[in-house]
Amino acid sequence: MKRSLSYASFLRRSLAILPFLLPCSSKTHALTTMQRYQIEDIKRIASRGDHKVEYILGTFYSKGDVEGIPKDFHLALHWYQEAAKDGDKEAAQMIGLLYYNGDGVPIDIAKAAYWFEKAANAGNWDAARRLATLYINGEGVPKNVEKGISWYKKAIQSGDIDSARRLGMLYWMGDDVPRDQEKALHWLENSANNGDWDASQMLSRFYILGENIPFDKEKGLYWLEKSAKQGGVISQEILANLYYSGQMLPLDKKKAAYWYEQAAKEHNGSAAKMLGAIYYNGEDVKQNKELGRYWIEQAAKWGEPEAQRITSMFYQESDTLEDKEKAEFWLKTAALAGDKEAQKQVSILYTNKDPKISEIHPQIIKLLREKAEKGDKEAQYDFALKYYEGKEISQDFKQAAYWFQKAADQGDPSATLNLGALYYDGKLGKTDFSKAATLFQKTADQNYPKAQLFLGILYERGEGVPQDTQKALSLYKQAANLGEAEAQFILGYHYGTGKIVPLNLKKAASWYNKAAHAGSLRGQINLGIAYMLGAGVPKNILVAIYWLQQAAKSDDIKAEINLGKIYADPKNQEIFALDTAKDWFKKAADQGSEDAKNYLASLTPVEAPNGTLSKTESLPQITEDNQAKPES
């Protein structure tokens, strides 16, 4: 069966996955270290009808993370049902989730709605929010927006700030209700003023970008700072950038350093890199090269490509063989992450190999093998990567699978995921979708969003599992709600094409928006195009330019061509600039785009909208027909 190249590429990138820690609920946290005999006591108490203990036992079977309790959704359902009979509202909600996600039972949204309503009527605001969403989307229940809004409001009365934000966005998007800016701002401010940094950040973006409301610098900065103080990592980084650049705020690198540090403490790689540069160079702070290097290396560990290349440079300054090995490691890592300069340097590195590195490699590999054979999980994972990459030892996918399996047997979810990717891509002789699905399922059960994404792809295409687009959508939503950018993009794409869900351009734009903010290149492109065409959002050329420029930072040809078209369209009088259009087309043409070359060739002198003679002729007015289509 032919596979989608874009989907398969997600799987090939799985080697970059980092461990994801599964949080425990407050009810189970104190019990996760219990010995086997204590578990037996819990089972006995549960069998006597204590609904709190029945709920706990259901949770243990649902997660399978307690000694003596294997993961078993059927037993989880049994104990949740017993607890729900005794009035446990949280158990009722969990039954709803099992039916909604298809965990141990066939997906049944109607049953999910039934149990959510039982829990919501008993006062569970999380279930009330989920029920509200089902009514608004018409999933499992007849579509009833008024009921949905009513349940959102009940959840808000119980203190759920997430429902307030969702209700605000419902009125803001004007998707299922008439657009009402006043109500939208009321509920978003309600959520923001009660501590939701995401709502504060949305308000900031609306005012700063002028999305549907007039640009208001003062209000935009107010909500941005509020979001940053509430712990919004993205807002902290944006605020730091504004202080660092002196754009919209007075230039103040001390304040920039403060906010970069707040974001860096939450493992934000780009903020850590900037903080390191400020200290290393002594930019309006006391120079501290050691501290600067520390933060840059932390950024490298968190996946920031430029920081990885700079960290390589730090180690290159040393003459020790160990540091030379580290220098090469970070340079290759930066190159694999897409850093263009690192890619050039790696090419030179393999052409002119440092003899000291060549001498030390066999010794490094020998030590790594010894550690792996002694059962060191991290060494097993690293050794698998060596075989997969085939740079320092001969490439051998079977050996890579062997060592990934060893690490996976010790509970390493990244190894399990990568092993699935090997089976999916047919690296072990032939494609085995069934084994890939089993391994992805195992990792998805641990709340790994990337695994949920991959498993959703398999269900959508019927590869290794029965084709089930509803299960696929459920998995995409799980991953998207955990912040997986590509899952958010896929949901946007499906709502934008109407292939497996009803066509809904507003929902498509909403998911593209989430994906774009989470760093998805394709999300940024499609959100930019949505604003350019007014597809699902009010047409806003300036916002379109902003998102297409974000994508163009990665030298994306589609983004560059669309930017060229925007600037070449005489209808966009405020930003009409044919020289700028020519620059964007040239960027795309230099990367081999024939379309961009044709656009450049068609440009000839013409009178611009202001009556002056422009150096080049504008393109025909942009329409959906001649516009580059959204990224698929």
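Residues numbered from 1 in each chain as written. Predicted model: local features only at pLDDT ≥ 70, side-chain atom pairs only at ≥ 80, totals over all residues. Heavy atoms only, no water.

**Some remarks on the overall build of the protein chain**
Link 1 in the chain: Regarding its fold elements, the protein chain presents 34 helices and two strands.
Link 2 in the chain: Per-residue burial for the protein chain yields a buried fraction of 50% across its 632 residues.
Link 3 in the chain: In the protein chain, the share of contacts with a sequence separation of at least 24, taken over all contacts with a separation of at least 6, comes to 49%.
Link 4 in the chain: Element-wise, carbon and sulfur atoms account for 50% of the exposed surface of the protein chain, whose accessible area totals about 29,800 Å². (Helix = DSSP H or I, 4+ residues; strand = E, 2+ residues; numbered from the N terminus. Buried < 20%, exposed > 50% of the residue type's maximum accessible area, 1.4 Å probe, protein only. Contact = heavy atoms within 4.5 Å. Areas by Shrake-Rupley, 256 points an atom, 1.4 Å probe, with all protein chains shown as cover.)

**Quick word on the packing of helix H31 (residues 541-552) against helix H32 (residues 557-567)**
Link 1 in the chain: The contact between H31 and H32 brings their axes to 9 Å, and the two run at 150°. It follows from the interaxial angle that H31 and H32 lie roughly antiparallel. Two packed elements cross with a definite hand, and for H31 against H32 that hand is left-handed. Along the contact surface, H31 presents Ile541, Ala544, Ile545, Leu548, Gln549, Ala551 and Ala552, while H32 presents Ala559, Glu560, Asn562, Leu563, Ile566 and Tyr567.
Link 2 in the chain: In terms of residue class, the contact of H31 with H32 is made up of ten nonpolar, two polar and one charged. (Axes fitted to C-alpha atoms, helices over the stretch in contact; angles between N-to-C directions. Parallel < 35°, antiparallel > 145°, perpendicular 65-115°, else oblique. Left-handed = near helix turned anticlockwise from the far one by under 90°. Nonpolar A, V, L, I, M, F, W, Y, C, P; charged D, E, K, R; others polar.)

**Concerning the packing of aromatic side chains**
Link 1 in the chain: For the structure shown, the criterion picks out 20 aromatic pairs.
Link 2 in the chain: Each ring, one from Trp172 and one from Phe206, has its centre 4.0 Å from the other, and the planes form 10°; the classification is stacked. Of this pair, Trp172 sits in helix H10 (residues 161-173) while Phe206 sits in helix H12 (residues 197-209), and the two are 34 residues apart along the sequence. With respect to class, Trp172 is no different from Phe206; both count as buried.
Link 3 in the chain: The cationic tip of Arg293 hangs over the ring face of Tyr315; the distance from NZ or CZ to the ring centre is 4.9 Å.
Link 4 in the chain: Directly above the aromatic system of Trp584 lies the positively charged group of Lys587, at a separation of 5.9 Å from the ring centroid. (Phe/Tyr/Trp six-rings, centres within 6.5 Å; stacked < 30°, edge-to-face > 60°. Lys NZ or Arg CZ within 6 Å of the ring centre and 35° of its normal.)

**A word on the pattern of salt bridges**
Link 1 in the chain: Under the criterion given, the structure shown has 24 salt bridges.
Link 2 in the chain: The residue Asp162 makes a salt bridge to Arg129 at a minimum N-O spacing of 3.6 Å. Here Asp162 is found in helix H10, whereas its partner Arg129 is found in helix H8 (residues 125-137), with 33 residues between them in sequence. No difference in accessibility class separates Asp162 from Arg129, as the two residues are buried.
Link 3 in the chain: Linking Glu594 and Lys597 is a salt bridge whose minimum nitrogen-to-oxygen distance equals 3.4 Å. One end of the pair is Glu594 and the other is Lys597, both in helix H34 (residues 594-601) and three residues apart, which spans about a single turn. (Salt bridge = Lys/Arg side-chain N within 4 Å of Asp/Glu carboxyl O.)

**Things to note about H8**
Link 1 in the chain: In this model H8 runs 18 Å from its N-terminal to its C-terminal C-alpha over 13 residues, within 8% of the 18 Å that 1.5 Å per residue would give.
Link 2 in the chain: Counted residue by residue, H8 has ten buried out of 13 residues, so it is predominantly covered.
Link 3 in the chain: For H8, the N-terminal capping position is held by Asn124, with its side-chain oxygen 3.0 Å away from the main-chain nitrogen of Asp126.
Link 4 in the chain: One or two residues past the end of H8 sits Gly138, with phi positive at roughly 70°. (Expected span 1.5 Å × (residues − 1). Polar contact = N/O pair within 3.5 Å; in protein donor to acceptor, adjacent residues only side chain to side chain.)

**Focus: unusual backbone geometry**
Link 1 in the chain: At Asp284, a position not held by glycine, the phi torsion is positive, near 65°.
Link 2 in the chain: Looking at the secondary structure, you find Asp284 in the loop between helix H16 (269-281) and helix H17 (289-301).
Link 3 in the chain: You can call Asp284 partly exposed: its relative accessible area is 48%.
Link 4 in the chain: Phi at Asn447 is positive, roughly 65°, even though this residue is not glycine.
Link 5 in the chain: Mapped onto the elements of the fold, Asn447 is located in the loop between helix H25 (433-444) and helix H26 (449-461).

**Some thoughts on the confidence of the model for the protein chain**
A low pLDDT score tells you not to read the predicted coordinates there in detail.
Link 1 in the chain: Confidence along the protein chain averages 82 in pLDDT terms, with 84% of residues attaining 70 or more.
Link 2 in the chain: Considering only residues more than four positions removed or in separate chains, one finds that residues 1-37, a stretch of pLDDT under 50, has 78 contacts.
Link 3 in the chain: The low-confidence segment residues 605-632 (pLDDT under 50) makes 78 contacts with residues lying over four places distant or belonging to another chain. (pLDDT = per-residue confidence, 0-100.)

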